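Understanding the architecture of this molecule
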Amino acid sequence: MRLRNVPGSRDTIAESQFTIKNETECKGKWNEIFGNDNPIFIEVGMGKGQFIMTLAQQNPDINYVGIEKYSSVLVRAIEKQEELNLPNLYFIRMEAEYIADVFATEEVSGIYLNFSDPWPKDRHAKRRLTSVQFLERYEQILKKEGHVIFKTDNRDLFDFSLEQVEEAEHWKLLNHTFDLHHSEYVEGNVMTEYETRFVEKGNAICRMEIMQEF
């Protein structure tokens with residue numbers, strides 16, 4: 001996928017009240033930043049923000065942090081947030097691999113991974129957000145009962161992800177489906193921009209939910 005450069009997007013992100021600038025200084029202080037002790041959920045790779053903003057609207061007693069590395073799409077989420085002004089939502093522009101530098105042990109209640117980059121070449125497998133390497137990072141920040149929910153239309157990536165959960169030391173698969181929109185798990189499902197597009201084309205959406213095993 002080629003991303004169109006949006007002129008001035010980095011300046012917009014730097015100036016926005018809805019973006020966190022010094023994210024590593026927030027580690028262990030997220031409840032102070034939100035001004036409450038509500039649970040914190042994050043979306044890694046939030047794109048234009050449709051999914052996480054819908055959740056933030058539906059759940060005012062939950063705090064959300066959207067993580068996105070591409071300025072050109074994050075700026076679109078900021079524009080929408082400027083209209084909504086949701087008090088329980090912040091954005092960070094950053095690479096996902098540094099997530100454990102931003103959140104403290106057991107600071108996060110849940111993680112959403114939606115239509116992540118499949119990194120199709122074998123040599124890039126560790127960059128996939130459901131790789132064993134990333135599961136280890138999530139383990140550092142999730143509460144003991146915290147879950148990770150992953151959705152994708154890429155069956156190869158989904159099969160890989162299922163294998164990674166088996167290989168990982170402290171994770172277990174709670175449930176999964178190869179066709180979300182024809183399964184019991186579709187109830188309450190919030191769609192992303194990509195998901196809406198894929199479903200309209202008739203693509204099957206895969207979904208899995210995992211948690212740490214103790």
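Placed above this text is the structure.
Residues numbered from 1 in each chain as written. Predicted model: local features only at pLDDT ≥ 70, side-chain atom pairs only at ≥ 80, totals over all residues. Heavy atoms only, no water.

**Things to note about the nonpolar core**
As a reminder of what qualifies: Among the buried residues, those of types Ala, Val, Leu, Ile, Met, Phe, Trp, Tyr and Cys that are joined through side-chain atoms within 4.5 Å form a nonpolar core. Burial here depends on accessible area, computed with a 1.4 Å probe over protein chains only, as a share of the maximum for the residue type. Under 20% is buried, over 50% is exposed, and the range in between is partly exposed. In DSSP terms, a helix is any run of H or I states spanning at least four residues, a strand is any run of E spanning at least two, and both are numbered starting from the N terminus.
Ranked by size, the top nonpolar core spans 39 residues in total, and within it Trp30, Ile42, Val65, Phe103, Ile111, Tyr138 and Trp171 carry the most contacts. Sort the elements by how many residues they give to this core and helix 6 (residues 155-167) lands first, with five residues. If you look at the next biggest cluster of nonpolar residues, it comprises 20 residues, including Ile52, Leu74, Ala77 and Phe91.

**Quick word on the sheet that holds strand 2 (residues 63-68)**
Basically, it comes down to this: Any two strands with at least two DSSP bridges between them are considered paired. Angular values range over 0 to 180 degrees, each being the angle between N-to-C directions of two axes fitted as lines to C-alpha atoms, with helices fitted over their stretch in contact. The contact criterion used is simple: two residues touch if any of their non-hydrogen atoms lie within 4.5 Å.
The strand order across the open sheet built from seven strands is 3-2-1-4-5-7-6, with neighbouring strands paired in mixed fashion. Both outer strands of the open sheet, strand 3 (89-93) and strand 6 (171-177), are each paired with one neighbouring strand and no more. Across the sheet, the mean angle separating the axes of adjacent strands is 20 degrees when strand polarity is ignored. Note that strand 2 and strand 3 share five bridges and pair parallel. Pairing of tyrosine 64 across the sheet is with leucine 89, part of strand 3. The strands that helix 3 (residues 50-58) touches are strand 1 (40-44), strand 2, strand 3, strand 4 (108-114) and strand 5 (142-152); relative to strand 2, the one it contacts most, it runs at about 175 degrees.

**A short note on the layout of surface pockets**
To keep things clear, this is the line we draw: Lining residues are defined by having an atom within 4 Å of a point belonging to a cavity or pocket. Those points lie on a 1 Å grid over the protein atoms alone, cavities being sets where a 1.4 Å probe fits but cannot get out and pockets being open sets with protein on both sides within 12 Å along at least five of seven lines. Grid points are joined across faces, edges and corners, and a volume is the space filled by probe spheres set on the points.
Approximately 190 Å³ is the volume found for the second largest pocket. Lining the second largest pocket are 13 residues, and of these Tyr112, Gly188, Asn189, Val190 and Arg207 sit closest to its centre. Per-element accounting of the lining of the second largest pocket gives the leading share, three residues, to helix 3.

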